[in-house]
Amino acid sequence: MLKSRILDRKDLDYCYAVFKSYIVAHHSDDVVEILLFTDCGRHYCIIINAMALFEDNMQISELLLSNPLQVLPVLDKALASVCSEMHKGNGHQEVMQPKKNIHGRLTGLPVCAELTRTKLPRTRDLGWFLSVTGTIIRTSLVKLLESKKQYTCNKCKHVFMQEADFEQFYTASKPGRCPNPELCNSVKFTVSSGKGSTVCRDYQEVKLQEQVQKLAIGTIPRSMAIVLQDDLVDCCKPGDDVTVL
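Residues numbered from 1 in each chain as written. Predicted model: local features only at pLDDT ≥ 70, side-chain atom pairs only at ≥ 80, totals over all residues. Heavy atoms only, no water.

Focus on the packing of aromatic side chains
At step 1: Taken as a whole, this structure holds three aromatic pairs when the rule is applied.
At step 2: Ring centres of Tyr-151 and Phe-160 lie 6.1 Å apart, and the angle between their planes is 20°; this geometry places the pair in the stacked category.
At step 3: On the basis of relative accessibility, which here comes to 5%, the residue Tyr-151 falls in the buried class.
At step 4: Judged by relative accessible area, Phe-160 falls into the buried class, the value being 8%.
At step 5: Counting every residue linked through ring pairs, the aromatic cluster contains Tyr-151, Phe-160 and Phe-189.
At step 6: Above the face of the Phe-37 ring, Arg-42 is positioned so that its terminal group lies 5.1 Å from the ring centre.
At step 7: Positioned above the aromatic ring of Tyr-16, the side-chain terminus of Lys-77 is 5.4 Å from the ring centre. (Phe/Tyr/Trp six-rings, centres within 6.5 Å; stacked < 30°, edge-to-face > 60°. Buried < 20%, exposed > 50% of the residue type's maximum accessible area, 1.4 Å probe, protein only. Lys NZ or Arg CZ within 6 Å of the ring centre and 35° of its normal.)

Some words on the environment of Met-86
At step 1: Position of Met-86 relative to the elements: it lies in helix α5 (residues 68–88).
At step 2: With 51 residues separating them in the primary sequence, Met-86 and Leu-35 have C-alpha atoms 8.7 Å apart.
At step 3: Setting aside its immediate chain neighbours within four residues, Met-86 contacts Ser-28, Val-31, Val-32 and Leu-35. (Helix = DSSP H or I, 4+ residues; strand = E, 2+ residues; numbered from the N terminus. Contact = heavy atoms within 4.5 Å.)

Some points on the nonpolar core
Nonpolar side chains in soluble globular proteins tend to be buried together.
At step 1: Membership of the largest hydrophobic core comes to 33 residues, with the highest contact counts inside it found for Phe-19 and Phe-54.
At step 2: Secondary-structure elements contributing two or more residues to this core are α1 (9–26), α2 (28–35), β1 (44–49), α3 (50–56), α4 (58–66), α5 and β2 (102–107).
At step 3: A per-element tally of this core places α5 first, with seven residues.
At step 4: Those residues in contact with Phe-19, other than ones at most four positions away along the chain, are Leu-53, Ile-60, Val-71, Val-74, Leu-75 and Ala-78. (Core = buried A, V, L, I, M, F, W, Y, C linked by side-chain atoms within 4.5 Å.)

A word on the side chain of Ser-131
At step 1: Inspection of the secondary structure puts Ser-131 in strand β4 (residues 131–139).
At step 2: Judged by relative accessible area, Ser-131 falls into the buried class, the value being 7%.
At step 3: Once residues lying within four places of it in the same chain are set aside, the contact partners of Ser-131 are Leu-109, Leu-115, Thr-116, Arg-117, Thr-243, Val-244 and Leu-245.

Observations regarding the state of the cysteines
At step 1: This structure, assessed with the given rule, holds zero disulfides.
At step 2: Free cysteine Cys-15: the closest other cysteine sulfur is in Cys-112, separated by 19 Å.
At step 3: The closest cysteine sulfur to the non-disulfide-bonded Cys-200 is located on Cys-40, 18 Å from its own sulfur. (Disulfide = S-S within 2.5 Å.)

Quick notes on α4
At step 1: Looking only at α4, the buried set comprises Ile-60, Ser-61, Leu-63, Leu-64, Leu-65 and Ser-66.
At step 2: At its buried positions, α4 is contacted by α1, α3, α5 and β2.
At step 3: The residue sitting at the N-terminus of α4 and contributing the capping side-chain oxygen is Asn-57; that oxygen lies 3.1 Å from the backbone nitrogen of Gln-59. (Polar contact = N/O pair within 3.5 Å; in protein donor to acceptor, adjacent residues only side chain to side chain.)

Examining the pattern of salt bridges
At step 1: By the definition in use, this model includes eight salt bridges.
At step 2: With a closest N to O distance of 3.5 Å, Asp-13 and Arg-9 form a salt bridge. Here Asp-13 and its partner Arg-9 are both found in helix α1, four residues apart, which amounts to about one turn of the helix.
At step 3: By relative accessible area, which is 53% here, Arg-9 ends up exposed.
At step 4: Where Asp-125 meets Arg-117, a salt bridge forms, and the shortest distance between an N and an O atom there is 3.0 Å. (Salt bridge = Lys/Arg side-chain N within 4 Å of Asp/Glu carboxyl O.)

Laid out in structure tokens, this is it:
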């Protein structure tokens, strides 16, 4: 099993460079297709085969599998960068629209006991990138989630975004100290108002249950709640067999 560790800036910069290179080499047509859509506020995704990515660069597989919470946002950042560069470098900008909400969705993890499961993960699996197969037994209504809120420091007037905390049920807690790099250290803030002061996203909860036919006789199937966001909402319904990464 790989050893998990907190990645430093050098590791994340390496992931960023690898992702950009891979996207340009293998998914340029997908990026162009997204650029041709006229809806700039919609969330778009590009399906990336994990096995092909890992075969292209084994080091990125080690970093991703052991640190998904740090590495997956870098993939989205790399996609947005490639999208922006291809839009600026294309001779048909009049028919293309730049997109900021673009996500990389991995599929096809290598089939092995460490990565692919038919049983739901346990606490020892926390923090690892896994593939779990099960059946959707319940879906909630799609809700509008306030994921980021803008604040202004009362002292230095620094404007910044505070992200809602998933671990705190998406509660946008008040900042502790001003994040101004000039070390303001103020603890008094005002919530900004007006256009662009909040960032919202689609949000849906579904319940995934272990597949009975893959369990030992007499075993009660377990279930777990899963959060779907952005382009993933409404992608499944009760009774669907799905694979979650």
